[in-house]
Amino acid sequence: MRAINGLWHWRHNPLCRATDLAEAWVALVALVLIAVAAPVTGCLVGAAAQDSLQRSVREQQHTRHLVTATVVRDLGEVPMETDPDTSTARETHRRVLADWTAPDGTHQHGLTLADLKSPHAGDHFRLWTDPHGRITARPLDSPTATTHAVLAGIGAALLATGLVEAARRLTVWRMVRRRYARWDQAWDRAGPDWGKAGTGS
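Fair warning: this is a prediction, and the values are worked out from it, not measured in the lab.

Looking at the sheet that holds strand 1 (residues 65–77)
Across the sheet, four strands lie side by side as 3-2-1-4; this open sheet has antiparallel pairing. The open sheet is flanked by strand 3 (107–114) and strand 4 (124–129), the only strands paired with a single partner. Strand after strand, the sheet turns through a mean of 45° between neighbouring axes, direction not considered. As judged from the six bridges shared by strand 1 and strand 4, these two strands associate in the antiparallel manner. When the bridges of strand 4 are listed, V67 appears paired with L127.

Structural data, given as structure tokens:
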């Protein structure tokens, strides 16, 4: 709005300089870009991220399997995971030695984490693995992927806004420097005759 008001104010003003109009136009163009280009950029980036993440969701849900493991021995408690995608505040993780059968039918044995408060030999718990029985993280779910895509879109829109504003400030700064340089040149031309009687006559 300041850019529009500035253009209107200088429209028929005899004191208007070319640089004044140029600064107002620069501000107006920046305002339009922030109002239009930034949201469009955010939407495009968010849509691209959503498409990519949802493909990852489908792939992970197809290649990761929940199997039942059997505790062989408890190896002690571990610190709680802080990643909300891999655990919740209610889960208590313990290191255990366990056996499980992979989706391809092979028998596996190894160290893993169990969400059991006090595991004993023979206890069962659920475990995410790949098709060959290797332990893997829980697959990404669709709502989490959508949240990440929305955040990516918002971040892209904010970045675009920041770039436009930085470009506006840089352009205005260069215009002001050029104006000051012209003033210095005018003062230099006036030189030592400035203020003397008959100067300019």
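Here's the deal with the pattern of salt bridges
With the rule as written, the count across this model stands at five salt bridges. The partner of D51 in a salt bridge is R55, with the nearest N and O atoms 2.4 Å apart. Highlighted residues: D51 and R55, both in helix 2 (residues 18–63), separated by four residues, approximately one helical turn. E165 is the salt-bridge partner of R169, the closest N and O atoms lying 2.8 Å from each other. In this pair, R169 and E165 are both assigned in helix 3 (residues 142–190), four residues apart and thus about one turn of the helix distant. Through salt bridges with shared partners, one network takes in E165, R168 and R169.

A closer look at a nonpolar patch on the surface
A cluster of nonpolar side chains, V32, V36, V40 and L44, forms an exposed patch at the surface whose accessible area comes to about 360 Å². Along the chain, the position of V40 falls in helix 2. On the basis of relative accessible area, V40 is assigned to the partly exposed category, the value being 45%.

Remarks on the pairing of strand 1
Bridge analysis of strand 1 against strand 2 (residues 94–101) gives seven bridges, and the strand direction is antiparallel. When the sheet's bridge partners are listed, R73 is paired in strand 2 with L97.

A few points about the environment of V176
On the secondary structure map, V176 appears in helix 3. The spacing of V176 and E23 is 153 residues in sequence and 9.2 Å in space, taken between C-alpha atoms.

A look at the environment of E59
The topology assignment puts E59 in helix 2. Assessed through its relative accessible area of 52%, E59 is described here as exposed. Considered as a pair, E59 and L140 are 81 residues apart in the sequence and their alpha carbons are 9.5 Å apart.

As for the side chain of T112
Along the chain, the position of T112 falls in strand 3. Taking the relative accessible area as the measure of exposure, T112 reaches 7% and is therefore buried.

Side note on the nonpolar core
V67, A69, V71, V96, A98, W100, A114, L116, F125 and L127 form the largest nonpolar core, which has 10 residues in total. Of all the secondary-structure elements, those providing two or more residues to this core are strand 1, strand 2 and strand 4. With near-sequence residues (within four places) excluded, F125 lies in contact with V67, T68, A69, T70, V71, V96, A98, T112, L113, A114, D115 and L116.

Regarding the side chain of Q60
Its location among the elements puts Q60 in helix 2. When its relative accessible area of 19% is taken as the criterion, Q60 is described as buried. Other than its neighbours up to four places away in sequence, Q60 contacts R138, P139 and L140.

Conventions adopted
Residues numbered from 1 in each chain as written. Predicted model: local features only at pLDDT ≥ 70, side-chain atom pairs only at ≥ 80, totals over all residues. Heavy atoms only, no water. Pairing = 2+ DSSP bridges. Helix = DSSP H or I, 4+ residues; strand = E, 2+ residues; numbered from the N terminus. Axes fitted to C-alpha atoms, helices over the stretch in contact; angles between N-to-C directions. Salt bridge = Lys/Arg side-chain N within 4 Å of Asp/Glu carboxyl O. Patch = residues over 30% accessible without salt bridge, like charges linked within 9 Å, V, L, I, M, F, W, Y side chains within 5 Å. Areas by Shrake-Rupley, 256 points an atom, 1.4 Å probe, with all protein chains shown as cover. Buried < 20%, exposed > 50% of the residue type's maximum accessible area, 1.4 Å probe, protein only. Core = buried A, V, L, I, M, F, W, Y, C linked by side-chain atoms within 4.5 Å. Contact = heavy atoms within 4.5 Å.

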